[in-house]
Amino acid sequence: MYKNSKNVGHYLFGNGAINQLEQTLNETCPMKEGHVVYFIDHYFQDSELVKNLPITDFDKVLYVDSRSEITTDLIDTFTAELRSEPLPKALIGIGGGSALDTAKAVSNLLTNEGKAADYQGWDLVRNPGVYKIGIPTLSGTGAEASRTCVMMNFEKNLKLGMNSHHTIYDQLIMDPSLTKTVPRDQYFYTGMDTYIHCIESLAGNYRHSVGDAFSRESLALAREVFLSDEMMSEENRSKIMIASYLGGCAIANSFVGLIHPFSAGLSVVLDIHHCEANCMVMDVMEEFYPTEVAEFKQMLNKQEVELTKNVCSSLTDEQYTRLYESTIIHEIPLKNALGENFKDILTKEKIIEIFKRM
Ligand code: ZN
């Protein structure tokens, strides 16, 4: 059986594209009446960006705290608030992965009953969500293009998204001028997310020719950006925004590998942000991705970014066990990387030994 694939329906790309939000909404939103709900990264509170948005008195603005990973509880809280009001005509997510994923998750829950945790998994969302527009202000996670919205579920010790065609944005506005003020470290870690998605999917057992093509181009752009002298030049900010979008399209057609499950462990147990956690894992994965890890270290040096070290060197036995459990639970990507018998290679001891090197 071949898998049916879907990518984002419409997208605008270019410096200043955000100024076309109102026009785009009028042209593309199927519901003409009703209000709009904005999910905006808290980083932009009181910013020029927000002041310039076409927000009317009927619209609602909700800020998403992106300092820690979004949780199923947070999504349920936002959803409960919006369920008590008339259904909005559109949701607009503006920010990095957290704000973009929040808008995706809430959109699904406004047209599907129950709680966020009910839809963590694959193809569980039954009805299309509320129309949604994504405007990324960070490049790399691919959240703008992917078919998932990753949430932490502390009750189940689980980090997993609603993987569904319904999760994909209806419209994107990609404006590289929005990434000008991102702190350098964060820009690097986030940009590397797309690099890591692509190397994982290209090294996997479950391949998709279209996904591979997206991955190859995304990787080529990420290499140009992070091996150049100035990763944040205007040209490079455009390139990495495209790489992020293509990486998200790639992952919509394929699976991640070993790095993301370990990274999920770091996020669940130590609350380390996704992209930084990925880089910490990448740094110790020579055994599985030798060429890519060497290249990653070269990029770190070139951009003079310092990784935090020794985050797992002295934890309690209980924490190591939780790290193991929140890694091994990701069977699909682990099978993609190592085959059906992945548990023969990734024993509990082996996983803890890898974590201890971070
Ligand atoms: Zn990722």
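Residues numbered from 1 in each chain as written. Predicted model: local features only at pLDDT ≥ 70, side-chain atom pairs only at ≥ 80, totals over all residues. Heavy atoms only, no water.

J.: Hey, could you run me through the overall build of the chain in this one?
T.: Looking only at helices and strands, the chain has 14 helices and 9 strands in total. For 358 residues, the compact-globule estimate of 2.2 N^0.38 gives 21 Å, and the C-alpha radius of gyration of the chain, at 19 Å, lies within 12% of that figure. Across its three principal directions, the C-alpha atoms of the chain cover 55 × 45 × 45 Å. Counting every position in the chain, which comprises 358 residues, the buried fraction comes to 58%. (Helix = DSSP H or I, 4+ residues; strand = E, 2+ residues; numbered from the N terminus. Rg over C-alpha atoms; globule rule 2.2 N^0.38 Å. Buried < 20%, exposed > 50% of the residue type's maximum accessible area, 1.4 Å probe, protein only.)

J.: When you look at the pattern of salt bridges in this model, what are you seeing that I'm missing?
T.: Once their charged atoms are close, side chains differing in charge can pair, the charge on each being opposite to the other. Inspection of every chain in the model, using the stated rule, returns 21 salt bridges. Between Glu 69 and Lys 159 there is a salt bridge, and its shortest N-O distance comes to 3.6 Å. Taken as a pair, Glu 69 in the loop between strand E3 (60–64) and helix H3 (72–83) and Lys 159 in strand E8 (residues 158–163) lie far apart in primary sequence, 90 residues in all. Accessibility assignment for this pair places Glu 69 and Lys 159 in one class, buried. Put simply, Lys 239 and Glu 224 hold a salt bridge, and the shortest N to O gap is 2.7 Å. Of this pair, Lys 239 sits in helix H7 (residues 234–252) while Glu 224 sits in helix H6 (residues 209–226), and the two are 15 residues apart along the sequence. (Salt bridge = Lys/Arg side-chain N within 4 Å of Asp/Glu carboxyl O.)

J.: Help me understand the layout of surface pockets in this model?
T.: Over the atoms a probe the size of a water molecule is rolled, and this reveals where empty space is left. Of the volumes computed, that of the second largest pocket is approximately 280 Å³. Considering the residues around the second largest pocket, the lining is formed by 15 residues, among which Ile 18, Glu 48, Leu 49, Asn 52 and Leu 178 are closest to the centre. Elements represented by at least two residues in the lining of the second largest pocket include exactly helix H1 (21–28) and helix H2 (48–51). (1 Å grid on protein atoms, 1.4 Å probe; cavity = no way out; pocket = protein on both sides within 12 Å on 5 of 7 lines; lining within 4 Å. Points joined across faces, edges and corners; volume = space filled by probe spheres on them.)

J.: Can you help me understand the coordination of the zinc ion in this one?
T.: Each pair of donors in an ideal four-coordinate tetrahedral metal site encloses 109.5 degrees, whereas pairs in an ideal six-coordinate octahedral site enclose 90 or 180 degrees. Surrounding the zinc ion are the protein donor atoms Asp 193 (OD), Asp 193 (OD), His 197 (NE2), His 260 (NE2) and His 274 (NE2), at 2.1 to 2.8 Å. When the donors of the zinc ion are listed by position in the chain, the intervening gaps give D-x3-H-x62-H-x13-H. With Asp 193 and His 197 both in helix H5 (residues 184–202), this residue pair falls 4 residues apart, about one helical turn. Here Asp 193 matches His 197 in class, with each residue buried. (Donors = N, O, S within 2.8 Å, 3.2 Å for Na, K, Ca; no water.)

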